[in-house]
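# Descriptive structure summary
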Amino acid sequence: MKRSLAASVMIAALLAPAVPAHATTSTTSGNAQLRFTSGATLTMSIVTQYSAAGAQGNAVPTLLPSLAGVCTAIAAETNFSLSFGALAPRSNAATACLYKNAVAVAVNSNDANGFVVNEYLDTTPTSGIGICAFPNGGASFPLTPAVAPVPVSARSGNPVAGTFTGNSLTSCAAGGTIVPPGTGGVSSGGANPGNVGAPGLEFYSPSGTQLTFMTLGTPTAIAGPGVGNYYAAEDIQVNMAPGALSTTVGQTGVYMTIQLVPN
């Protein structure tokens, strides 16, 4: 029985059909590399006396004096201007006038690397005068952008003035930061405020000294994928040293440049 079983097994193996050599399958691969980039889009616009919708305002501005009588708004506003009117310094104390909802910045971007917005004065103000900025929608600069609505000011009453050493503003009241004069840049020679592309636009760029206003490192973390609109806003305060000298026609020649810089 054992011998027959062995024979039967051998016969079965011999009867199994042979697989032709040409029927053996194998896979080979090749590839092509696709090369492309998706372009970054960054644009910026500013408005003054802004609303929560980010609209330009032209009403009589809301001014908050550090002491009664320091400043009083008397006229409707002009686009891209901050009008503080006639300021009244004191002989024995620093004084200030704060403009509520002064400036809002909107950045439209899909740049995955993010951006920085900074600001600085085109020229140094008259001796005894300094400019402070107060963030809206955050405790301090630089601000993290808001998507919408634009943060509005919650300040009221009589915001205190900054601190002077002699005729130089050395610090702002709590929450505020000095807007410094620019350094190392070149003036465009223009005579008008406004957005990029405005005829006769005055700007001073680039500068080695600035206040960092708004930063964003990863746009999609706030607005989701694609192009997003990002906002930040501030109040602006004019400060006067004790006994500050009078000026002629007001400080109409001081411009504040706001600059968008890709990371």
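The model shown is predicted, which means the values in this text are computed figures rather than measured ones.

### Description of the overall build of the protein
The helix and strand inventory of the protein stands at 2 helices and 13 strands. Put simply, the protein has 263 residues, and 37% of those count as buried. Just so you have it, the protein exposes about 14,300 Å², and 58% of that area is on carbon and sulfur atoms.

### Side note on the state of the cysteines
In the structure shown here, the tally under the stated rule is 2 disulfides. Through a disulfide, C132 is tied to C172; the S-S separation comes to 2.0 Å. Where C132 bonds to C172 through sulfur, the torsion about that S-S bond is close to -95°, and the disulfide is left-handed. On the criterion of sequence distance, the pair formed by C132 in strand 5 (residues 129–136) and C172 in the loop between strand 7 (168–171) and strand 8 (177–178) is long-range, its members being 40 residues apart.

### Notes on the side chain of N136
The topology assignment puts N136 in strand 5. Polar contacts involving the side chain of N136 include one to the side chain of R155, which spans 2.7 Å. A polar contact of 3.0 Å, which involves the side chain of N136, links it to the side chain of D235. If near-sequence neighbours (up to four positions away) are discounted, N136 is found in contact with Y50, N101, L143, P151, V152, S153, R155, A233, E234 and D235.

### Here we look at the side chain of S66
Its place among the elements puts S66 in the loop between strand 2 (63–65) and strand 3 (95–109). A residue is classified by how much of its surface remains accessible, and S66, at 11% relative accessible area, is buried. At 2.8 Å, the side chain of S66 and the backbone nitrogen of A96 are in polar contact. Those residues in contact with S66 that sit more than four places away from it in its chain are T95, A96, N158, P159, V160 and A161.

### A look at the sheet that holds strand 11 (residues 211–216)
Taken together, the 3 strands give an open sheet; going across it, the order is 11-4-13, and neighbouring strands pair in antiparallel fashion. Looking at which strands have only one partner, the edges of the open sheet turn out to be strand 11 and strand 13 (256–262). Taken pair by pair, the neighbouring strands of this sheet meet at an average axis angle of 15°, ignoring direction.

Reading the values: rules and limits
Every chain begins its residue count from 1, and numbering advances along the sequence as written. Local features in a predicted model are, by the rule used here, given only for residues with pLDDT of at least 70; side-chain atom pairs are given and counted only at 80 or more, and totals for whole chains, interfaces and linings are based on all residues. Excluding hydrogens and water, the side-chain values take into account all heavy atoms of the structure. Here a strand is any run of E in DSSP of at least two residues, a helix any run of H or I of at least four, and the numbering for each starts at the N terminus. The buried label applies to any residue whose accessible area, calculated with a 1.4 Å probe on protein chains only, is under 20% of its type's maximum; exposed applies above 50%, and partly exposed to all values in between. Every accessible area reported is derived by Shrake-Rupley at a probe size of 1.4 Å, with residue values counting cover from the shown protein chains alone. To count as a disulfide, a pair of cysteine sulfur atoms needs to be within 2.5 Å. Nitrogen and oxygen atoms within 3.5 Å of one another constitute a polar contact, given that in protein one can donate a hydrogen and the other can accept it, and given that sequence-neighbouring residues count only through two side-chain atoms. Residue contacts are counted whenever heavy atoms from the two residues lie within 4.5 Å of one another. Here the rule is simple: two strands pair whenever DSSP picks up at least two bridges between them. Axis lines are fitted to C-alpha atoms, over the contacting stretch for helices. Their N-to-C directions set the angle, which ranges from 0 to 180 degrees.

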